[in-house]
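# Fold and geometry: a report
Residue-level listing of the chains:
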Amino acid sequence: MKIWQFSEQAYHPAFGVQGSMRVTLPQHHCDPAEAGQLLNRYLDEYLLADELGLNIMVNEHHAAATCMSTSCMTTLAILARQTSKARLLALGVPLANRSNPLRVAEEIAMVDCLSGGRLEVGLVKGAAYELFMSNRQPTGFMDRFWEAHDLILEALGNEGENFSWEGEHFHYRTASLWPRPIQQPGPPMWGTASSASSAREYGRRDYTCATFLSGAVARSVFAGYREAYAEAHGRAAPQDKLAYLALVACADDTATAFRRAEAMKSYFTTAARLDPQFPTPLGFTAVDANVRLLQAGPSAMRPRMRNGQPLPVDGSIEQYMDAGLFFVGTPDEVYDQLAQFHGETGGFGNLLMMGQAGELDHHDTADNLTLVAREVAPRLAELPEIPFEVRYESVG
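These lines cover the structure that appears in this document, whether it is placed above or below. (Residues numbered from 1 in each chain as written. Predicted model: local features only at pLDDT ≥ 70, side-chain atom pairs only at ≥ 80, totals over all residues. Heavy atoms only, no water.)

### Looking at the pattern of salt bridges
- All told, the structure shown has 14 salt bridges when counted by the stated rule.
- Taking the shortest distance from any N to any O, the salt bridge between E45 and R41 comes out at 2.6 Å. Placement of both E45 and R41 in helix α1 (residues 32-51) is noted, with a separation of 4 residues, approximately one turn of the helix.
- With a relative accessible area of 1%, E45 lands in the buried category.
- A salt bridge links D332 to R379, with the shortest nitrogen-to-oxygen separation between them at 3.0 Å. Within this pair, whereas D332 is found in helix α12 (residues 331-344), its partner R379 is found in helix α13 (residues 362-380), the two being separated by 47 residues in sequence.
- Here the salt bridges share partners, and the residues they tie into one network are E60, R98, R103, E106 and E107. (Salt bridge = Lys/Arg side-chain N within 4 Å of Asp/Glu carboxyl O. Helix = DSSP H or I, 4+ residues; strand = E, 2+ residues; numbered from the N terminus. Buried < 20%, exposed > 50% of the residue type's maximum accessible area, 1.4 Å probe, protein only.)

Below, the structure is given as structure tokens:
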């Protein structure tokens, strides 16, 4: 199993402000000097991850105190220059609020060149609430998404003459990518899924499929991917094509690990703070999916604990652990928890580890990363591949 360090690079001094943490949070709550210090601190932690032999993941959000990373490629351009070993993952580049796909391709190619060919990329739908800042039309978005996706891949993989693009949504008289990416036909591609049905498309395309904080649902997500992969490629999907994102709090003793987990927990409580008019803009989500959400009520998207009950937003650390969202304890305890979850889900080859989240400070983050890299990662790397016949199941 490979481990990727990830932080949403939050501006946690604003967490005490009442109301939404996104879209409507007034800018005066941000001290730009303090924001700069935090951003540089998060970069230092990514550099430490590189020194420790961990890989690096960066995401992107907008108008949110919960995530100051407003451009995957800006952050990764810095890290491409300053790191030497880590694979660099953009997961992802949200196409919902991008009007120029060719510009996205240019950014990807430039960072791949700067890194010496260490970039990996996920082109993602993006958060629904961000459409309100970009003024993009939510209806018909998935058609635009896949056309933008195809255009980006065509540009990244082109080794011949320049080409034109006359699609339904995008028109380019000439597409000319300078520089071209080192990796051809382009960097390895990722996708994110929260259900078996959404995972199938990535299985058919041979992309790496990641599921975020989905707990027990991860098993069906991975099963959907494996089923589609086997149908499309005639062989079992290797575990390194599957990834799971969770928070990890590790320390030399259990009490310290739980103290760190409490500092990280505000990631969950602030992420849920969004005004009700923003999560589901009309037309952004498929009608059948939207109906299911409305029928299920507020708990529809909440992960579930082992007893089947929805995980409360303000749940205890133990409840978050029970739901498979948090792995907390000494190196031995964290390894045992991850190994068990690995088996329960049928196996996955990438842990997207939030080793920093919420209000966890630099000292605790550095120690957390060091312990995981030195005492947990080597053992996770030796986890055996679970035989396809054992883990395979139809997901209908």
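### Concerning the side chain of Q356
- On the secondary structure map, Q356 appears in the loop between β11 (350-354) and α13.
- Of the polar contacts made by the side chain of Q356, one reaches the side chain of S7; its length is 2.7 Å.
- Discounting chain neighbours no more than four positions away, the residues touching Q356 are Q5, F6, S7, R41, Y42, E45, M264 and T365. (Polar contact = N/O pair within 3.5 Å; in protein donor to acceptor, adjacent residues only side chain to side chain. Contact = heavy atoms within 4.5 Å.)

### Examining the pairing of strand β1 (residues 2-6)
- Of all 5 residues making up β1, 4 are buried, and the element is well covered by its neighbours.
- Of the pairings in the sheet, the one linking β1 to β11 comprises 4 bridges and is parallel in character. For I3, the partnering residue across the bridge sits in β11 and is L351.
- Relative to strand β2 (residues 55-58), β1 runs parallel, the two being bridged by 3 bridges. (Pairing = 2+ DSSP bridges.)

### Regarding the packing of aromatic side chains
- Tallied over the full model, the rule gives 13 aromatic pairs.
- Ring geometry for F222 versus F348: centroids 6.0 Å apart, planes at 40°, classification tilted. Highlighted residues: F222 in helix α7 (residues 217-233) and F348 in the loop between α12 and β11, separated in sequence by 126 residues.
- Relative accessible area serves as the criterion here: at 1%, F348 is assigned to the buried category. (Phe/Tyr/Trp six-rings, centres within 6.5 Å; stacked < 30°, edge-to-face > 60°.)

### Overview of the environment of G329
- With respect to the helices and strands, the residue G329 is situated in strand β10 (residues 326-329).
- When the C-alpha atoms of G329 and I386 are compared, they prove to be 25 Å apart, with 57 residues separating the residues in sequence.
- Apart from residues no more than four positions distant in its own chain, G329 is found in contact with A249, C250, A251, A257 and V334.

### Looking at the packing of α1 against α13
- Across the interface, α1 lies against α13 with an axial gap of 10 Å and an inter-helix angle of 15°. In terms of orientation, α1 and α13 fall into the roughly parallel class. Crossing angle aside, the handedness with which α1 passes α13 is right-handed. Of α13, the residues touching α1 (which contributes R41, D44, E45 and L48) are H362, T365, A366, L369 and T370.
- Across the contact of α1 with α13, the residue classes tally to 3 nonpolar, 3 polar and 3 charged. (Axes fitted to C-alpha atoms, helices over the stretch in contact; angles between N-to-C directions. Parallel < 35°, antiparallel > 145°, perpendicular 65-115°, else oblique. Left-handed = near helix turned anticlockwise from the far one by under 90°. Nonpolar A, V, L, I, M, F, W, Y, C, P; charged D, E, K, R; others polar.)

### Some points on the nonpolar core
- Grouped together as the largest cluster of nonpolar side chains are 112 residues, with contacts concentrated most on L79, I108, L123, Y244, L247, F326 and L352.
- Among the elements that make up this core, the one with the highest residue count is strand β9 (residues 242-250) (9 residues).
- If we ignore the near neighbours within four places in the chain, the residues touching I108 are M73, L119, V121, L123, I152, L156 and P187.
- Y11, F15, L25 and A65 belong to the second largest nonpolar core, which has 12 residues in total. (Core = buried A, V, L, I, M, F, W, Y, C linked by side-chain atoms within 4.5 Å.)

Take it as geometry only, folks, not as evidence of what the structure does.
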